[in-house]
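Geometric and topological summary
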Amino acid sequence: MKKKLSIVYDITKRCPWNCAICCMGASSDKAVCGDEPLLSEKLQMIDNIAQVRRMRDVRIDFSGGEIFTNMDHVQVIEHAASLLGRENIGISTSGYRVDDTLAKQLSACVSECEMTMDTVPDCEYPLRPKGYASAAAKALPYLKKYGITTGIQTVLARSNCNEKMLRDMYGWICSHEVDNWSLLKFYPSGRGAAYQEEKLTKEEELWAVRYITEMNDENLSVHKSQIDFHYTMEGHKKYTAECRCVKKSIGILPNGDVTACFWAVDACTGIIDTKFRLGNLREQQLTDIISGKEALYWLNCSHHCELGAA
């Protein structure tokens, strides 16, 4: 069996939300798209990615920015599904522009859709703009209607990691029959690097895992979402501090740069250190990139996360 390579493709830097803690440097300003490939190039990049199947199984999760600030991206997703299979395609979106028509179209090419909600809708939250959580809430019924597996990702920071906000979130997720609740601790990358004070301590991280696990164990309802803690969060069975760069995953940035770690970006969506840059899909074949000398550093080393995310 081939090892699976998980690819997070941040297809655009454009996003309507301008979140304070954006993990890259997305902006509502259309000018940020200046170095992004044309649609024809993005389709060629998908062809390029598909060649990796000779070496490894491949899954692509499309993200951003916000994917649907450019509706041409639906064509890119459809093309990826035609080559890799719907079951190997996921998307991460805020819910922006997801209505009945779009959800129906996506159902033919997307197996899973994950949306970020750090609080219940209409809860004032300093790290996200007004209406952010409501966009996901409005999109959810359409996605469920057409059989797309739904996920809500909550980024745990000091501003929302408390009993009331977590219990409110858990109740909302279960009552709306969300398939998966994904918990990710805040890591100060991208624009979020300016919010170091929001990073959880190890004690707070362990408390959150324990509290959410106990809350879920106490719930005997049939409408119970699957809880999925990110592997970097301590206190659960999936936890590991081992680096997964290239061995299990890579990132592709909006300009086509391939990075060993999709967290290794600055507030302008540039790669923070040259050792993370593996190549560029507009100039090279991905098969060559992930077997080249830059990738071999990550493939041959067994070490802990160099960013301190785990």
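Residues numbered from 1 in each chain as written. Predicted model: local features only at pLDDT ≥ 70, side-chain atom pairs only at ≥ 80, totals over all residues. Heavy atoms only, no water.

Details of the nonpolar core
Core analysis: the biggest nonpolar cluster contains 92 residues, and Ile60, Phe62 and Leu286 have the highest contact counts within it. Per-element tally for this core: the top contributor is helix H4 (residues 132-145), with eight residues. Leave out the neighbours within four places in its chain, and Ile60 touches Ile7, Tyr9, Ile46, Ile49, Ala80, Leu84, Asn88, Ile89 and Gly90. Of all hydrophobic cores here, the second largest spans seven residues; its members include Ile21, Val155, Met165 and Phe186. (Core = buried A, V, L, I, M, F, W, Y, C linked by side-chain atoms within 4.5 Å. Buried < 20%, exposed > 50% of the residue type's maximum accessible area, 1.4 Å probe, protein only. Helix = DSSP H or I, 4+ residues; strand = E, 2+ residues; numbered from the N terminus. Contact = heavy atoms within 4.5 Å.)

Topic: helix H2 (residues 73-84)
Counting along an α-helix, one turn takes 3.6 residues, and residues three or four places apart therefore face a common direction. For H2, spanning twelve residues, the distance from its first C-alpha to its last is 16 Å, which sits close to the expected 16 Å at 1.5 Å a residue. Residues of H2 that are buried include every one of His73, Val74, Val76, Ile77, Ala80, Ala81 and Leu84, and no others. One side of H2 holds all its buried residues, which, seen down the axis, span an arc of 160 degrees. Residues of H2 that are buried in the fold lie against helix H1 (39-50), strand S2 (57-63), strand S3 (89-93) and helix H3 (100-106). One or two steps after H2, the chain reaches Gly85, where phi turns positive at roughly 95 degrees. (Expected span 1.5 Å × (residues − 1). Arc of directions from axis to C-beta.)

Thoughts on the pattern of salt bridges
Per the stated rule, a full pass over the model turns up 14 salt bridges. A salt bridge links Glu41 to Arg282; its shortest N-O distance comes to 3.6 Å. On the criterion of sequence distance, the pair formed by Glu41 in helix H1 and Arg282 in the loop between strand S10 (277-280) and helix H7 (286-289) is long-range, its members being 241 residues apart. We note a salt bridge from Glu112 to Arg59, for which the minimum N-O separation is 3.9 Å. Highlighted residues: Glu112 in strand S4 (residues 112-116) and Arg59 in strand S2, separated in sequence by 53 residues. What makes Arg59 buried here is its relative accessible area of 14%. One continuous salt-bridge network, built from bridges that share partners, spans Lys185, Lys202, Glu205 and Glu234. (Salt bridge = Lys/Arg side-chain N within 4 Å of Asp/Glu carboxyl O.)

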